[in-house]
Number of protein chains: 2
Amino acid sequence: MTNGRRAIGIDIGGTKVAGAIVGEDGTVHAELRRNTPDTSDANTMNDLLRDMVEHLCADEAGEGVCAIGVGAAGTVVWPVGRIRWAPNNSYRDWDVRGFLEGASGLPTVVDNDGNVAGLAEARLGETRYDDMLLLTVGTGVGAGIVLGGRIYRGPHGLGAEVGHMNVNPDGPQCGCGNYGCLEALASGTALTRMGRSAAAGDPSGLIATLAAESGGEVGGEHVTRAAMAGDVTAQTLFQRLGRALGIGIASLNAIFEVEAVVIGGGLVDTGELLLAPARRAAHEFAYAPTARPIPPVLPAAFRSDAGKIGAGLLALEES
Amino acid sequence: MTNGRRAIGIDIGGTKVAGAIVGEDGTVHAELRRNTPDTSDANTMNDLLRDMVEHLCADEAGEGVCAIGVGAAGTVVWPVGRIRWAPNNSYRDWDVRGFLEGASGLPTVVDNDGNVAGLAEARLGETRYDDMLLLTVGTGVGAGIVLGGRIYRGPHGLGAEVGHMNVNPDGPQCGCGNYGCLEALASGTALTRMGRSAAAGDPSGLIATLAAESGGEVGGEHVTRAAMAGDVTAQTLFQRLGRALGIGIASLNAIFEVEAVVIGGGLVDTGELLLAPARRAAHEFAYAPTARPIPPVLPAAFRSDAGKIGAGLLALEES
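Residues numbered from 1 in each chain as written. Chains lettered and ligands numbered in written order. Predicted model: local features only at pLDDT ≥ 70, side-chain atom pairs only at ≥ 80, totals over all residues. Heavy atoms only, no water.

Looking now at the interface of chain A and chain B. Residue-level contacts link 43 residues of chain A with 43 residues of chain B. A buried area of about 3600 Å², summed over both sides, lies between chain A and chain B, and 59% of it is on carbon and sulfur atoms. Taken as a group, Ile-255, Glu-257 and Tyr-287 of chain A account for 22% of the area that chain A buries against chain B, more than any other trio of residues on that side. Counting across the interface, chain A meets chain B through 0 salt bridges. Our count for the contact surface shared by chain A and chain B stands at 22 residue pairs in polar contact (both at pLDDT 80 or more). Elements that contribute at least two residues to the side of chain A that touches chain B include exactly strand 6 (82–85), strand 10 (141–147) and helix 8 (232–255) of chain A. The element best represented in the side of chain A that touches chain B is helix 8 of chain A, accounting for 5 residues. (Contact = heavy atoms within 4.5 Å. Buried area = accessible area lost by both parts, 1.4 Å probe. Salt bridge = Lys/Arg side-chain N within 4 Å of Asp/Glu carboxyl O. Polar contact = N/O pair within 3.5 Å; in protein donor to acceptor, adjacent residues only side chain to side chain. Helix = DSSP H or I, 4+ residues; strand = E, 2+ residues; numbered from the N terminus.)

Below is the structure:
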């Protein structure tokens, strides 16, 4: 029994590919998740997407799906649906829309992952916002900029790459090749880099111990678990991460006048570890705080699911 | 003999107040300039503006002016026309629109100075742009963000404060009170600060010598004259200034997809001293340069006159 229209929503990130059957009210009727292949070139990703779409369509919840929406990390030409380049994935000049329409026979829209997540939060989050920034903090830092109720993409979809604004020109190298991008300082990749450095400097510390117990290299999840267990080193790394994010938020708040800054992406699941220092820095660096409101910094209502839900919503809005 | 409609345009900056009679095609038919008083509170500024408007209306070119437009540094509530606060002027909660409409009987619009300068450049500059950033580099750094042919102000006029995006959280203090704003590193104020420091460190150097010859403290104009005369210290300061500006441009180019970045304000008259290092840094820090165009960095067609012309244009567009 199907109520309302449904679409497939797919969120392609640097670490995982999440797919879902999404209803008009944002309900997820079925879902599917794959790891992003180490070699995420166009051919490999085409095979992966075809397989995911077939599985989702075969699900009983997939009966009657009318469209596909994709949100993908990288520079997506809008509305063409071709991804030119991505900092944390190896696909280049990938015609996602053309491939999926041919493979599935369904109308397909392809947008930047931050944009679709912003759409989900602005339309269906806890508050409906006309002017809002969503920042997705995951492998990279993505953004959805909602101005006057509409996603700001730039004339060809190449705008809103907020993760690559510079927050310190002498900072660490980013996956994009530059130095000191917000993404280089305030992403899951940054947390992993800082965690590895901390573990190398203190091999008997909790971060190194947790990684050794799990039999692998230090990752962001070990830093998170150590911080949650009260490890001061790990908590300090989160303070660095959150502070960089908050400085970026303060800059964006100088540029845009928004009702709220909403944080999504995988790292929002670390909760106040990330959000508390981000809020502090967003206040510390707020421009003209006696004359301009400081928007609240809130966790995304859809947490790290905003991407796939927003991708489905966009497909329903555009088809 | 008057052809077409005319308005008074007034540009209120941290150093000067420029007024003009502006035609629909941007022609300046008469102009007037005052220094911004050291105490630039609302009462002092009201007296100054009334005097300027009376002088301009009394000019034969002022016959038939139908409206007043003001572009002012600070956070201007739109379309209310009240300025809440400004980093480099002492007016606070100043009802500019109410005062001028009462004093002149003419419909008045009041907007941020960067916004109106952006309007002039987008509408009447050498190229007509639908998507453009104007940065005014003067006492402070202002901006006009033109997206899809319209000025982006934020829902209440409190957006587009690009001068206060952070480019280095450990940087020098800004007039706004924060540390490391673009304005703190890439404005006339920054040039003066750096020039004074250089002169203090080298009292027999050209910067200090030029200032002593003019009988006053070191100002940005001494650094400019020294740089133009080939002084390496002064040229290095311009490279620092331009580099900071270019990093800011690269960040803005990640956030917005624009056709051009146009530089106005008083310092654009220093030409390539400022623009060449700004272009270099905008390229060095450009995000995804193989996938996204790098917009040209151009001097404003109206140079430092864009503010008063844009203020007049806005009055004609809105009245």
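Between the two copies, chain A and chain B, the superposition gives an RMSD of 0.0 Å; the rotation angle is 180° and the shift along the axis is 0.0 Å. Here the symmetry operator amounts to a two-fold rotation axis. (Least-squares fit on C-alpha atoms with pLDDT ≥ 70 in both.)

All names here are of chain B. The strand order across the open sheet built from 3 strands is 5-6-7, with neighbouring strands paired in antiparallel fashion. Two strands in the sheet have a free side with no partner beyond their single neighbour: strand 5 (75–77) and strand 7 (94–95). In the sheet, strand 6 (residues 82–85) pairs with strand 7 via 2 bridges, with the strands oriented antiparallel. By the bridge assignment for strand 7, Arg-82 is matched with Asp-95. (Pairing = 2+ DSSP bridges.)

Below, the discussion takes up the pattern of salt bridges. Inspection of every chain in the model, using the stated rule, returns 28 salt bridges over all chains. Measuring nitrogen to oxygen at the nearest pair gives 3.4 Å for the salt bridge that ties Lys-308 of chain A to Asp-305 of chain A. Arg-5 of chain B is the partner of Glu-24 of chain B in a salt bridge, and the nearest nitrogen-oxygen pair spans 3.5 Å. Residue Glu-24 of chain B is found in the loop between strand 2 (16–23) and strand 3 (28–35), and its partner Arg-5 of chain B is found in the segment before strand 1 (6–12); the two are separated by 19 residues along the sequence. Overall, the relative accessible area of 43% leaves Glu-24 of chain B in the partly exposed class. (Buried < 20%, exposed > 50% of the residue type's maximum accessible area, 1.4 Å probe, protein only.)

In an α-helix, one turn spans 3.6 residues, which is why side chains three or four residues apart end up on the same side. All names here are of chain A. In this model helix 3 (residues 113–124) runs 17 Å from its N-terminal to its C-terminal C-alpha over 12 residues, within 8% of the 16 Å that 1.5 Å per residue would give. Of all 12 residues that make up helix 3, 10 are buried, and the element is covered over most of its length. Those residues of helix 3 lying buried are Asp-113, Gly-114, Asn-115, Val-116, Ala-117, Gly-118, Leu-119, Ala-120, Glu-121 and Ala-122. Two to three positions downstream of the cap, the backbone nitrogen of Gly-114 sits 2.8 Å from a side-chain oxygen, assigning the N-cap of helix 3 to Asn-112. (Expected span 1.5 Å × (residues − 1).)

Take the environment of Thr-236 of chain B next. Residue and element names in this part refer to chain B. Summarising the element assignment, Thr-236 is placed in helix 8 (residues 232–255). By relative accessible area, Thr-236 is classed as partly exposed at 35%. For the pair Thr-236 and Leu-273, spaced 37 residues apart in sequence, the C-alpha to C-alpha distance is 9.7 Å.

Turning to the sheet that holds strand 7 (residues 94–95) of chain A, a few remarks are in order. Read across the sheet, 3 strands follow the order 5-6-7 (chain A) without closing on themselves; strand pairing throughout is antiparallel. The two strands at the open ends of the sheet, each matched to only one other strand, are strand 5 (75–77) and strand 7 of chain A.

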